[in-house]
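As a plain string of letters, each chain reads:
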Amino acid sequence: RLSIEEVVDCPFTAYEGSLSRGYTDAAHWVRLVLRRPEQGERVVLRISPSQLDEVRLYEPDGAGGWRTRVTGDRHPRAQREVASLVLGFVVHVSGEETTVYLRTKTSSLSGLMVEALEPLQAQAQEQRVDQLQLLALFLVVWLLVWTLVRAVAERDGLLALLALNLSGFVLHSLALMGYLGQWWPGPTPEWDDGFTSVIVCTWPALTVLFDSALLRRYRLPRG
């Protein structure tokens, strides 16, 4: 419930890497001190994961006040100022450095990782991540197709359960990597957010179903 004016005077705790606060209704604030890049004034903030409901940026307006912008998976994707699989903002650092604040609040796992990059660096990072994720998805889809062919040819129920489990894993990966909302957006951001939650809860159940059948097939000792 704190305002940005109250937050500025609060003590902050330094951390490295990713911030994780579990499942909570609380809002969390992150203070970032951004240095002006060697070329230009623009700094791109890459914020992950993309499933955060709301991330609000506060930056000084030069007149003693604050400008605010918002992003998150509860907000329309078309309104995002950074075309990326993850969330982001573009900040103009006119002086040697500037201090900005992020306020995050989400119904999913509360945590985030922030990268502050020059525009070309951000573009290169996006391409690297995109290529690695698509390669991983291709390998899983190839395994899924192979499993489906074998399941039909051998009429094997265990292989059919494995194919079902792999299908759930593909959907799970598409959702968490940010492709699902980008490739097949729903009618509203809330619909996309809810569908992602259903996928995240369903895939572990499919995994337990397949694992149980696998253990029964080979009659392993309970121990």
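What counts as what
- Residues numbered from 1 in each chain as written.
- Predicted model: local features only at pLDDT ≥ 70, side-chain atom pairs only at ≥ 80, totals over all residues.
- Heavy atoms only, no water.
- Salt bridge = Lys/Arg side-chain N within 4 Å of Asp/Glu carboxyl O.
- Buried < 20%, exposed > 50% of the residue type's maximum accessible area, 1.4 Å probe, protein only.
- Helix = DSSP H or I, 4+ residues; strand = E, 2+ residues; numbered from the N terminus.
- Contact = heavy atoms within 4.5 Å.

Brief notes about the pattern of salt bridges
Phase 1 of the analysis: This structure, assessed with the given rule, holds ten salt bridges.
Phase 2 of the analysis: Note that Glu59 and Arg67 form a salt bridge whose closest N and O atoms lie 3.8 Å from each other.
Phase 3 of the analysis: Residue Glu59 is classed as buried on the basis of its relative accessible area, which comes to 7%.
Phase 4 of the analysis: Using a relative accessible area of 42% as the deciding quantity, one classes Arg67 as partly exposed.
Phase 5 of the analysis: Ionic pairing is found between Arg69 and Glu59, a salt bridge with its closest N-O pair at 2.4 Å. Here the residue Arg69 occupies a position in strand β5 (residues 66-71), and Glu59 occupies one in strand β4 (residues 54-60), the gap between them amounting to ten residues.
Phase 6 of the analysis: We classify Arg69 as partly exposed; its relative accessible area is 23%.
Phase 7 of the analysis: Each member of the salt-bridge network shares a partner with another, and the members are Glu59, Arg67, Arg69 and Glu81.

Quick look at the environment of Leu2
Phase 1 of the analysis: With respect to the element layout, Leu2 can be found in the segment before α1 (4-8).
Phase 2 of the analysis: On the basis of relative accessible area, Leu2 is assigned to the partly exposed category, the value being 43%.
Phase 3 of the analysis: Separated by 173 residues in the primary sequence, Leu2 and Ala175 have C-alpha atoms spaced 32 Å apart.
Phase 4 of the analysis: In contact with Leu2, not counting residues within four places along its chain, are Val7, Cys10 and Trp29.

Some points on unusual backbone geometry
Backbone phi values are negative for most residues with the exception of glycine, while trans is the configuration of most peptide bonds.
Phase 1 of the analysis: In this chain, Ser48 is followed by Pro49 through a cis amide linkage whose omega measures 5 degrees.
Phase 2 of the analysis: Mapped onto the elements of the fold, Pro49 is located in the loop between β3 (42-48) and β4.
Phase 3 of the analysis: One non-glycine residue, Arg155, lies in the positive phi region at around 50 degrees.
Phase 4 of the analysis: Structurally, the position occupied by Arg155 is in the loop between α2 (119-154) and α3 (157-177).
Phase 5 of the analysis: On the basis of relative accessibility, which here comes to 78%, the residue Arg155 falls in the exposed class.

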